[in-house]
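Listed below are the residues making up each chain.
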Amino acid sequence: MYRLQPALQNYAWGMTEVLEDLVGLPRSGAPVAEAWWGAHSSAPALATAAHHDGADEAGLHAGDSLPLDELISRIPEAMLGSELAGRWERLPYLLKVLAIAKPLSLQVHPTLDQAEAGFKDEDSRGVPADAPTRTFKDRSHKPEMIVALTPMTLLAGFRPANAVAQDLVWLGQPCTRRWAEELANATEPTVALGEYIQKVLRDPEAPAALEALVEVGGRSGVPESLAVASAAALEFPGDPGALVAIALNVVRLTPGQACFTTAGVIHSYQSGVGVEIMANSDNVVRAGLTPKPVDIDLLVELTDGTPTPPPRVIVEREGAVTRFPTPVDEFALSMVERGSAAFAPGPRIVLAVDGTASVHGERGSVSLSRGEAVFVPYGDGRLVVDAVGSTFVVEVPVPAV
């Protein structure tokens, strides 16, 4: 097993203190937005050999450290298992904890085919891998799920076109009345919502609509979607992404509840602390609420404008284990609370978020305190987790026979 030291991300939307307290680092006073426990090449966790009598298969003695992506690349079959090593050649998931003080950018992620095509296109045009203008940083899609550790507010997926139209009327501007009429009379709501995004991001009258949105947010009885979008507009003055936010479902999560977003679904996390699991990718196309570039044409191309209910996850509970099922191949997330659970061989990350845990593999055991994590490779065989508190376990789903 390998203890993991996460890579911290100091984005401006992060909270102060929360993640540093979680992982046991001194408080810097600066925003710390994300802690990454994973093997993405841009910010891999640092893996330290937990215990060995001599050198392990990767050549590490107890206490020796390597970035997790480099460790896996040394002996991929021992780390991932031959089947996963042949399929992905790397850890297929990325585990994070997010601490959100103000809204993240409105964003959408590509499908696998879109990611592959976009990556090849940017490579062929010579766009450097680390360039700020690079959109496709890898060949993967990025389905993702957030599990709330505190109350959270999210935006995810389109609301019905007529509901968006009713809220736009509150703003009382010529452009918002025009947008509302077009949505209310739309014969193809999916197309109409996609067109709405283009309109609000490009319309020269959008600044007046934004001023009205900020003003209306302080009224009593304002619809929830307008209230949340108004709060976002206050955080990002002049950003028309707040008008896109009006069209999205507001999702309120209490601790232990989860939301899953797949390719083509515009979403934005607004506030709170949560555990996030995703495919091992950093492909993001932004729609606003950010100082970073917004590619409107690509955004519209990738976005699925189909109205959907809020994408909550229906959890499954059995004994001490809560499972958060998702329709993806790259990850499966479980939470063990005040009890024990067993997990099949595979590349697993175990993270204690509350209390302590003991992690037992076939080649040794590790004790975890709050905020500590361990990578358990395929070669460590069957895994048993004893949790005193709450501990998350990420694994790769076993294919159905």
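Refer to the structure above for everything that follows.
Since the model is a prediction, treat every value here as computed from it, not as a measurement.

**Considerations on the nonpolar core**
At step 1: Among the nonpolar cores identified, the biggest contains 52 residues, and Leu4, Trp37, Leu68, Leu71, Leu91, Phe324 and Phe375 are the most heavily contacted of them.
At step 2: At four residues, strand β6 (residues 93-100) tops the list of elements feeding residues into this core.
At step 3: Discounting residues that sit within four places of it in the chain, Phe324 has contacts with Met145, Val147, Gly256, Ala258, Val313, Val315, Leu333, Ser334, Met335 and Phe392.
At step 4: In this structure, Leu106, Phe119, Leu168 and Leu171 belong to the second largest nonpolar core, which totals 50 residues.

**Thoughts on helix α5 (residues 112-124)**
At step 1: Its 13 residues give α5 an end-to-end C-alpha distance of 18 Å, which sits within 8% of 18 Å, the value for a rise of 1.5 Å per residue.
At step 2: Taken residue by residue, α5 has Ala115, Gly118, Phe119 and Glu122 as its buried positions. Projected down its long axis, α5 shows its buried positions confined to an angular sector of 100°, all on one face. In α5, the exposed residues that point more than 90 degrees away from the buried face are Asp113 and Ser124.
At step 3: Directly beyond the C-terminal end of α5, a positive phi value near 75° is found at Gly126.

**A word on the packing of helix α6 (residues 161-169) against helix α7 (residues 174-184)**
At step 1: Contact geometry for α6 and α7: axes closest at 8 Å, N-to-C directions at 160°. Between α6 and α7, the interaxial angle falls into the category roughly antiparallel. Where α6 crosses over α7, the handedness of that crossing is left-handed. In this structure, α6 contributes Ala161, Val164, Ala165, Leu168 and Val169 to the contact, and α7 contributes Thr176, Trp179, Ala180, Leu183 and Ala184.

**What to know about the pairing of strand β16 (residues 332-343)**
At step 1: Looking at chain direction, strand β15 (residues 321-324) and β16 are connected through four bridges and run antiparallel. Bridged to Thr322 within β16 is Met335.

**What to know about unusual backbone geometry**
At step 1: One non-glycine residue, Glu89, lies in the positive phi region at around 65°.
At step 2: As for its position among the elements, Glu89 is in the loop between α4 (82-87) and β6.
At step 3: A positive phi angle, near 55°, is found at Leu289, a position not held by glycine.
At step 4: Relative to the elements of secondary structure, Leu289 occurs in the loop between β13 (285-288) and α12 (296-302).
At step 5: Relative accessible area serves as the criterion here: at 1%, Leu289 is assigned to the buried category.

**Let's talk about the environment of Gln107**
At step 1: One can find Gln107 in strand β7 (residues 106-108).
At step 2: Linking Gln107 and Gly38, residues 69 residues apart in sequence, is a C-alpha distance of 22 Å.
At step 3: A distance of 3.1 Å separates the side chain of Gln107 from the backbone oxygen of Ser105, its partner in a polar contact.
At step 4: Separated by 3.5 Å, the side chains of Gln107 and His109 make a polar contact.

**Looking at the packing of aromatic side chains**
At step 1: This structure, assessed with the given rule, holds three aromatic pairs.
At step 2: Across the ring face of Phe119, the terminal group of Arg134 is positioned such that the distance to the ring centre comes to 4.8 Å.
At step 3: We note Lys292 situated over the ring of Tyr11; from NZ or CZ to the ring centre the distance is 5.4 Å.

**Side note on the side chain of Thr290**
At step 1: If you trace the backbone, Thr290 turns up in the loop between β13 and α12.
At step 2: Note on Thr290: relative accessible area 14%, which makes it buried.
At step 3: In terms of polar contacts, Thr290 uses its side chain to reach the backbone amide nitrogen of Lys292, at 2.9 Å.
At step 4: Discounting chain neighbours no more than four positions away, the residues touching Thr290 are Ser105, Phe236 and Asp239.

**Re the pattern of salt bridges**
At step 1: Applying the stated criterion across every chain yields a total of 23 salt bridges.
At step 2: Across the salt bridge formed by Glu57 and Arg363, the nearest N and O atoms sit 3.3 Å from each other. Here the residue Glu57 occupies a position in the loop between β4 (46-49) and β5 (65-67), and Arg363 occupies one in the loop between β17 (348-361) and β18 (364-368), the gap between them amounting to 306 residues.
At step 3: The class for Glu57 is partly exposed, based on a relative accessible area of 48%.
At step 4: For the salt bridge of Arg178 with Asp203, the shortest nitrogen-to-oxygen distance reads 3.0 Å.

**A word on α6**
At step 1: Turning to α6, its buried residues are Ala161, Val164, Ala165, Asp167 and Leu168. Seen from one end, α6 has its buried residues packed into an arc of 165°, which puts them on one side. Facing away from the buried side of α6 by over 90 degrees, the exposed positions are Gln166 and Val169.
At step 2: Looking at the buried positions of α6, the neighbouring elements they touch are α7, α8 (189-202) and α10 (224-235).

**Overview of the environment of Val244**
At step 1: Considering the arrangement of structural elements, one finds Val244 in helix α11 (residues 241-245).
At step 2: With relative accessibility at 0%, the residue Val244 sits in the buried group.
At step 3: As for Val244 and Ala209, which are separated by 35 residues in sequence, their C-alpha atoms are 12 Å apart.
At step 4: Not counting chain neighbours up to four residues away, the residues in contact with Val244 comprise Leu106, Tyr196, Ile197, Val200, Leu201, Ile266 and Ala287.

**Points about the pairing of strand β19 (residues 373-376)**
At step 1: Residues Ala373 and Phe375 point to one face of β19 and Val374 and Val376 to the other, with burial holding for every one of them.
At step 2: Note that strand β1 (residues 2-5) and β19 share three bridges and pair antiparallel. Bridge pairing in β19 places Leu4 opposite Ala373.
At step 3: Here four bridges tie β17 to β19, and the two strands are oriented antiparallel to one another. Looking at the pairing, Leu351 lines up with Ala373 of β19.

The rules behind these values
Residues numbered from 1 in each chain as written. Predicted model: local features only at pLDDT ≥ 70, side-chain atom pairs only at ≥ 80, totals over all residues. Heavy atoms only, no water. Core = buried A, V, L, I, M, F, W, Y, C linked by side-chain atoms within 4.5 Å. Buried < 20%, exposed > 50% of the residue type's maximum accessible area, 1.4 Å probe, protein only. Helix = DSSP H or I, 4+ residues; strand = E, 2+ residues; numbered from the N terminus. Contact = heavy atoms within 4.5 Å. Expected span 1.5 Å × (residues − 1). Arc of directions from axis to C-beta. Axes fitted to C-alpha atoms, helices over the stretch in contact; angles between N-to-C directions. Parallel < 35°, antiparallel > 145°, perpendicular 65-115°, else oblique. Left-handed = near helix turned anticlockwise from the far one by under 90°. Pairing = 2+ DSSP bridges. Polar contact = N/O pair within 3.5 Å; in protein donor to acceptor, adjacent residues only side chain to side chain. Phe/Tyr/Trp six-rings, centres within 6.5 Å; stacked < 30°, edge-to-face > 60°. Lys NZ or Arg CZ within 6 Å of the ring centre and 35° of its normal. Salt bridge = Lys/Arg side-chain N within 4 Å of Asp/Glu carboxyl O.

Take it as geometry only, folks, not as evidence of what the structure does.
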